[in-house]
Amino acid sequence: MKQPLTWQGWASRVSLYVREGKKLLGLPRFPIRIGEFAEDYSKQHFPRDPITMIKGQDFKGKFEGALVPNESKDEWAIIYDTGHLSKGRVNFTLAHEFGHYLAHRHLSGEPFYCSRKEMWAWGSDYARMEVEANSFAAFVLMPPDDFRDQTKDFRKPSLQDFEVLRDRYDISLTAAVLNWLKTTKTRAMLVVGRDGFIDWSWGSETLYSSGVFFRARQITTPMPDDSLAVLGPTADITEIQHPPGVWNEFEPVFESVLFAEYHEMTLSLLIYPSVGGGRRPYNSDQRLGEGTSELSEESV
Ligand SMILES: [Zn+2]
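Below you will find a few notes about this structure. Just so it is clear, the structure is predicted and the values come from calculations on it, not from any experiment. For every chain, the first residue of the written sequence is number 1, and numbering continues from 1 along that sequence. Restriction of local features to residues with pLDDT of at least 70 applies here, the model being predicted, together with a cutoff of 80 or more for giving and counting side-chain atom pairs; totals for whole chains, interfaces and linings are based on all residues. Note that the side-chain values use all heavy atoms of the structure and ignore hydrogens as well as water.

Some details on the nonpolar core
It is characteristic of soluble globular proteins that their nonpolar side chains tend to be buried jointly. Each nonpolar core is a collection of buried residues, namely Ala, Val, Leu, Ile, Met, Phe, Trp, Tyr and Cys, held together in the definition by side-chain atoms within 4.5 Å. Think of it in three bands: with a 1.4 Å probe and only protein chains considered, a residue is buried below 20% of the maximum accessible area for its type, exposed above 50%, and partly exposed in between. The biggest cluster of nonpolar side chains holds 56 residues, and the ones touching the most others in it are Val-14, Ile-34, Phe-98, Leu-102, Phe-136 and Phe-162. Counting residues per element, this core draws most heavily on helix H3 (residues 87-108), at 8 residues. Two domains each provide a minimum of three residues to this core, namely domain 1 (7-141) and domain 2 (158-271). If we skip the residues at most four places from it in the chain, Leu-102 touches Trp-10, Val-14, Tyr-41, Phe-46 and Phe-136. Every helix listed is a DSSP run of H or I at least four residues long, and every strand listed is a run of E at least two residues long, numbered separately from the N terminus. Note that the domain bounds reflect an automated or database-derived domain assignment. Residues count as neighbours in contact if any of their non-hydrogen atoms are within 4.5 Å of one another.

Some thoughts on the sheet that holds strand E4 (residues 112-114)
Here we have 4 strands laid out as an open sheet, ordered E1-E3-E2-E4, and mixed in their pairing. Edge strands, defined here as strands with exactly one partner in the open sheet, are strand E1 (51-57) and E4. Direction aside, the axes of adjacent strands within the sheet are offset by 15° on average. The pairing criterion for strands is at least two bridges between them, as found by DSSP. Each axis is a line fitted through C-alpha atoms, and for a helix only the stretch in contact is used; angles between axes span 0 to 180 degrees, taken between their N-to-C directions.

Quick notes on a nonpolar patch on the surface
Candidates for patches are residues over 30% relative accessible area with no salt bridge; among them, like charges are joined within 9 Å and nonpolar side chains (Val, Leu, Ile, Met, Phe, Trp, Tyr) within 5 Å. In short, Shrake-Rupley with a 1.4 Å probe defines the accessible areas, and a residue's cover is counted only from the protein chains shown. Salt bridge, as applied in this entry: a Lys or Arg side-chain nitrogen positioned within 4 Å of an Asp or Glu carboxyl oxygen. A surface patch of nonpolar side chains, amounting to about 370 Å² of accessible area, comprises Leu-24, Leu-25 and Leu-27. Of the residues examined, Leu-27 reaches a relative accessible area of 45% and is grouped as partly exposed.

Digging into the coordination of the zinc ion
Those donors, His-96 (NE2), His-100 (NE2), Cys-114 (SG), Glu-130 (OE) and Glu-130 (OE), are the protein atoms that reach the zinc ion, and they lie 2.0 to 2.6 Å from it. Sequence spacing of the donor residues for the zinc ion, all on one chain, is H-x3-H-x13-C-x15-E. Of the two residues, His-100 is situated in helix H3 and Cys-114 in strand E4; the sequence distance between them amounts to 14 residues. Each member of the pair, His-100 as well as Cys-114, carries the same accessibility label: buried. Donor atoms are limited to N, O and S found within 2.8 Å of the metal ion, a distance that becomes 3.2 Å for Na, K and Ca. With water left out, some sites might look partial.

Listed below in structure tokens is the structure:
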């Protein structure tokens, strides 16, 4: 059979292989665990340069995973950082590296070392191959037909709703939320905070095109004082409907939080009203929260 030339081609091929294989064996379709079949799959399809090792090692959080050839490039290893507690992150990382193996290993000839920031930088200036490896991983682990079905009733979801998906697909909560944000018409955003500041954020297309987004990390943006993310786990609340003036000067925002995903970080899922943004007179100096806030949102 002819080999696919794109990540999309590989993603559909692998997805089908897993679905049919599990059906034959009488196993449930989910979760799909890359570590269970990547080596065999590579040996069947590429006997001349298969994956011969999948191994955890402690990299102290320097990166999530790597795809590394041996010297003669006839064997490959996928290595992942054991420093992370979440099993789901490992599964997604393995899928990401497997995507590099199938779609990119001939192109680069170099080992791939993939860090969290690069892996999650969908749509930004980071390398196209990182985006493709993520898209491959998302497609294989959260097949679009099933994901659509699971999220079709999400009107105003909280992070707790995504915990069900995290368990179903054996991925991180972040991966599930980002996958939803890529396709939803809901005006929504995931904000990852570190030490009270926004580390990075990702909004749905509908939200972005209505003029609401946080600037990339070249400037420091504090999280709003009244956000659940800043109040911390002691507040014992995981979701709240904020009035205008907390996350957004003009709009009420529904926030749900999670503190446990990464040790030092907070996740906030923000849901904005379905109509808003764009036509409002947003001005590019708009400030958020207390006077110390840097420019946080701006019109497009
Ligand atoms: Zn990568």
